[in-house]
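# Secondary and tertiary structure notes
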Amino acid sequence: MSTVATDWEERVADLWTAFDDHASADFLAAMTALTAELPDGDPVASFELASAYDATDREEDAAPLYRAALDAGLAGPRRRQAVIQLASTVRNLGRPEEGIALLTAERDAGSDELDDAVAAFLALALVDAGREREAVALALSALSRHLPMYSRSLTHYADELASGAGR
């Protein structure tokens, strides 16, 4: 497991904050330099580099790095982020069923502040797999938890859509 220094974390956070100020190649070069400061095979380095490839539309380069990070024991909030981002990446690469499997397992594995992100990316994968009603039901269910009014009604309609009964 990685013991990443606070200074390194701050520099990574600063680079992400300035993402829009960089050309893709410059951003990737900066992230590559930062991740090279960590030992080979470090799961945090693999995750951050995968994220950088993903953010610069290089999904084919990102996917194996996400897998490497997860296989190397990526922990904490980054682990769940890696699963979400890998699922989105494989969906973008034309493999929505793989994304659905990853996110369904993640949804069933536990709960935290990223639950709605899991639901949102699962809904996108479901749409790509031709399961639009299920996707809308999932998205409405996630949204209903944030509404000050109509939450009960929206939850009911989402359940109807998921079961195929609603019109």
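Anyway, here's the lowdown on the structure attached to this text. The residue numbering used here restarts from 1 in each chain and proceeds along that chain's sequence as written. For a predicted model such as this one, the threshold for reporting local features is a pLDDT of at least 70, and the threshold for listing and counting side-chain atom pairs is 80 or more; totals across whole chains, interfaces and linings nevertheless cover every residue. Side-chain descriptors were evaluated using all non-hydrogen atoms of the structure, hydrogens and water having been removed beforehand.

## Here we look at the overall build of the chain
Helix and strand assignments follow DSSP, with helices taken as H or I runs no shorter than four residues and strands as E runs no shorter than two, numbered in order from the N terminus. A tally of regular secondary structure across the chain gives nine helices and zero strands. Put simply, the chain runs from its N terminus to its C terminus through helices and strands in the order α-α-α-α-α-α-α-α-α. Across its three principal axes, the chain shows a C-alpha extent of roughly 55 × 35 × 30 Å. Considering the chain as a whole, with its 167 residues, one finds that 38% of them fall into the buried category. Only heavy atoms enter the contact rule, under which two residues are in contact if any of them lie within 4.5 Å. Counting contacts in the chain only where the partners sit at least 6 residues apart, residues at least 24 apart contribute 50% of the total. As displayed, the chain has an accessible area near 9200 Å², and 54% of this comes from carbon and sulfur atoms. Averaging the coordinates of the 14 positive side-chain charges in the chain and doing the same for the 30 negative ones gives two points 9 Å apart. Burial status follows relative accessibility: with a 1.4 Å probe on protein chains alone, a residue under 20% of its type maximum counts as buried, one over 50% as exposed, and anything between as partly exposed. Note on areas: Shrake-Rupley with a 1.4 Å probe; residue coverage comes only from the protein chains shown. Only four residue types enter the charge count, namely Lys and Arg as positive and Asp and Glu as negative; His and the chain termini do not. We put the charge of a Lys on NZ, of an Arg on CZ, of an Asp on CG and of a Glu on CD.

## A few points about helix H1 (residues 6-17)
Each helix should span, by expectation, one fewer than its residue count multiplied by 1.5 Å. Helix length check: H1 (twelve residues) gives 16 Å between terminal C-alpha atoms against 16 Å at 1.5 Å per residue, within 8%. Trp8, Val12 and Leu15 are the residues of H1 that are buried. Mapping the buried residues of H1 onto a view down its axis gives an arc of 60°, with all of them on the same face. Of the exposed residues in H1, those oriented more than 90 degrees away from the buried face are Thr6, Asp14 and Thr17. Where the residues of H1 are buried, they touch helix H2 (24-35), helix H3 (43-55) and helix H5 (77-92). Working note: the arc is built from the helix axis to C-beta atom directions.

Remember that the coordinates give geometry; whether it matters functionally is a separate question.
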